[in-house]
Amino acid sequence: MRAAIYRGPGEITVEEVPRPEIESPTDAIVRVTHTAVCGSDLWFYRGQSDREEGSRVGHEPMGIVEEVGDDVRSVEPGDRVFAPFVISCGRCEFCRKGLHTSCVNGDSWGGDNGGGQGEYVRATEADGTLVRVPDRHADDEDTLEAILPLTDVMGTGHHAAVSAGVDEGDTCIVIGDGAVGLCGVLAARRLGAERIIAMGHHEDRLELAASFGATETVSARGQEAVDAALDLTDGGANHVLECVGAASAMDTATDVCRPGGTVGYVGVPHGVNDQGLDMFSLFGDNISLSGGVAPVRAYADELLADVLQGTLDPSPIFTKTVDLDGVPEGYQAMDEREAIKVLVKL
Ligand SMILES: [Zn+2]
Ligand SMILES: [Zn+2]
């Protein structure tokens, strides 16, 4: 089979690799039909995080079950499924707590399981990991493109909103206009937020945020942006969604959080190690920090129900579509900020 391979910073190739096979009774083999390039893939692509050269990439697979192990009960060959960005068993202490990202039987995509950006993947723990799409929606292209973000960014944006405690009638601020921030806007609206202030640096993305439900947008940078947000909220919002991960975004999040409020953070932390987190600003205003890596499997069923009934559609985040051979170009487009998120159709 063919799959995208990381060959070093700035270099993704598509190569012939061994097809994963059933190795354990809980495995399923999925033929990937749709997948995506993620903002988090850019960290290794840019050489800002380590990744083994020659490793398979991608973690947002959707496709058709090709083959299942003897113990798999929830899916069968021919089923349309999608999978979150981590593999989880669904039965351990942490999965039952809704913390699938801490699953003791968990695994990641890549390696022998195949990356999500390839023709086939092996879902170990298929019963816990794979989410089945009902047959009547299984071949509807528009619906599938709206479901695909549930593999990662939509669940992650939702985790930011839930972690920040967003509820009916609330005012919240969303930091970041990437795919996760935009999904954070959708999630906050879905949870009933009355005012949603989206902060970012790209006019076109903030326009999309507005169409997703942001009531106000702030495109300034640095202190000017903080001042604008404080001004709009008369001193900060009680609920702040941090959807970037960079140390500067975390600082902005705490700066625009109202005393006593909560920052829900879901961006993969970068640079926070070197600069440290400004605990004093959290301490001084009793600001809570909640969140972390999003257990998107925990949210998949409720978000899927909304997509299927037509009340949730994150698909406009896909602003470029490529085929498997176009994956390297997809990385480039995201790196150069030409695309918000790249859809890969195999
Ligand atoms: Zn992702
Ligand atoms: Zn588990």
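Above this text is the structure in question.
A short tour of the structure in this document, coming up. Keep in mind it's a predicted model, so treat the numbers as computed, not measured.

## Considering the overall build of the protein
Here comes step 1: From N to C terminus, the protein includes 13 helices and 17 strands.
Here comes step 2: The C-alpha atoms of the protein give a radius of gyration of 20 Å, which matches the 20 Å a tight globule of 346 residues would have.
Here comes step 3: The C-alpha extent of the protein, read off along each of the three principal axes, is 60 × 40 × 35 Å.
Here comes step 4: Going through the 346 residues of the protein one by one, you find that 55% of them count as buried.
Here comes step 5: Summarising the internal contacts of the protein: among those between residues at least 6 apart in sequence, 69% fall at separations of at least 24.
Here comes step 6: When the accessible area of the protein is evaluated, it comes to approximately 14200 Å², of which 43% is carbon and sulfur surface.
Here comes step 7: Positive and negative side-chain charges in the protein, numbering 26 and 59 respectively, have mean positions lying 4 Å apart.

## A short note on the packing of helix 5 (residues 153–163) against helix 6 (residues 179–190)
Here comes step 1: At a closest axis distance of 7 Å, the pairing of helix 5 and helix 6 adopts a crossing angle of 55°. Between helix 5 and helix 6, the interaxial angle falls into the category oblique. By crossing handedness, the relation of helix 5 to helix 6 is classed as right-handed. Residues Val153, Met154, Thr156, Gly157, His158 and Ala161 of helix 5 lie in contact with helix 6, whose contacting residues are Ala179, Val180, Cys183, Gly184, Leu186, Ala187, Ala188 and Arg190.
Here comes step 2: When the residues that make up the contact of helix 5 with helix 6 are grouped by side-chain class, the tally is 9 nonpolar, 4 polar and 1 charged.

## Let's talk about the coordination of the zinc ion (ligand 1)
Here comes step 1: Ligation of the zinc ion (ligand 1) by protein atoms is provided by Cys38 (SG), His59 (NE2), Glu60 (OE) and Asp152 (OD), these donors lying 1.8 to 2.7 Å from the ion.
Here comes step 2: Coordination at the zinc ion (ligand 1) is tetrahedral: its 4 donor atoms span angles of 95 to 118° at the metal.
Here comes step 3: One chain supplies every donor for the zinc ion (ligand 1), spaced along it as C-x20-H-E-x91-D. Taken individually, histidine 59 and glutamate 60 each receive the classification buried, so the pair is uniform in this respect.

## A short note on the coordination of the zinc ion (ligand 2)
Ideal geometry at a metal centre: 109.5 degrees between donors when four sit tetrahedrally, and 90 or 180 degrees when six sit octahedrally.
Here comes step 1: The zinc ion (ligand 2) binds to the protein through Cys89 (SG), Cys92 (SG), Cys95 (SG) and Cys103 (SG), with metal-donor distances spanning 2.3 to 2.4 Å.
Here comes step 2: Taken together, the 4 donor atoms surrounding the zinc ion (ligand 2) define angles of 100 to 117° at the centre, an arrangement classified as tetrahedral.
Here comes step 3: In terms of primary sequence, the donors binding the zinc ion (ligand 2) are separated according to C-x2-C-x2-C-x7-C.
Here comes step 4: According to the relative accessible area criterion, cysteine 92 is buried, its value standing at 8%.

## Points about empty space enclosed by the protein
Here comes step 1: This model, assessed by the stated rule, comprises 1 cavity of 30 Å³ or more.
Here comes step 2: Forming the boundary of the largest cavity are Val30, Pro61, Met62, Gly63, Val81, Phe82, Ala83, Trp109, Val121, Ala123 and Leu130.
Here comes step 3: Contributions of two or more residues to the lining of the largest cavity are made by strand 4 (62–68), strand 5 (80–82) and strand 8 (120–123).
Here comes step 4: Residues of the lining of the largest cavity, tallied by class, amount to 10 nonpolar, 1 polar and no charged.

What counts, and where the lines are drawn
Residues numbered from 1 in each chain as written. Chains lettered and ligands numbered in written order. Predicted model: local features only at pLDDT ≥ 70, side-chain atom pairs only at ≥ 80, totals over all residues. Heavy atoms only, no water. Helix = DSSP H or I, 4+ residues; strand = E, 2+ residues; numbered from the N terminus. Rg over C-alpha atoms; globule rule 2.2 N^0.38 Å. Buried < 20%, exposed > 50% of the residue type's maximum accessible area, 1.4 Å probe, protein only. Contact = heavy atoms within 4.5 Å. Areas by Shrake-Rupley, 256 points an atom, 1.4 Å probe, with all protein chains shown as cover. Lys, Arg positive; Asp, Glu negative; His and termini not counted. Charge placed at Lys NZ, Arg CZ, Asp CG, Glu CD. Axes fitted to C-alpha atoms, helices over the stretch in contact; angles between N-to-C directions. Parallel < 35°, antiparallel > 145°, perpendicular 65-115°, else oblique. Left-handed = near helix turned anticlockwise from the far one by under 90°. Nonpolar A, V, L, I, M, F, W, Y, C, P; charged D, E, K, R; others polar. Donors = N, O, S within 2.8 Å, 3.2 Å for Na, K, Ca; no water. Tetrahedral: all angles 85-135°; square planar, octahedral: opposite > 155°, others 65-115°. 1 Å grid on protein atoms, 1.4 Å probe; cavity = no way out; pocket = protein on both sides within 12 Å on 5 of 7 lines; lining within 4 Å. Points joined across faces, edges and corners; volume = space filled by probe spheres on them.

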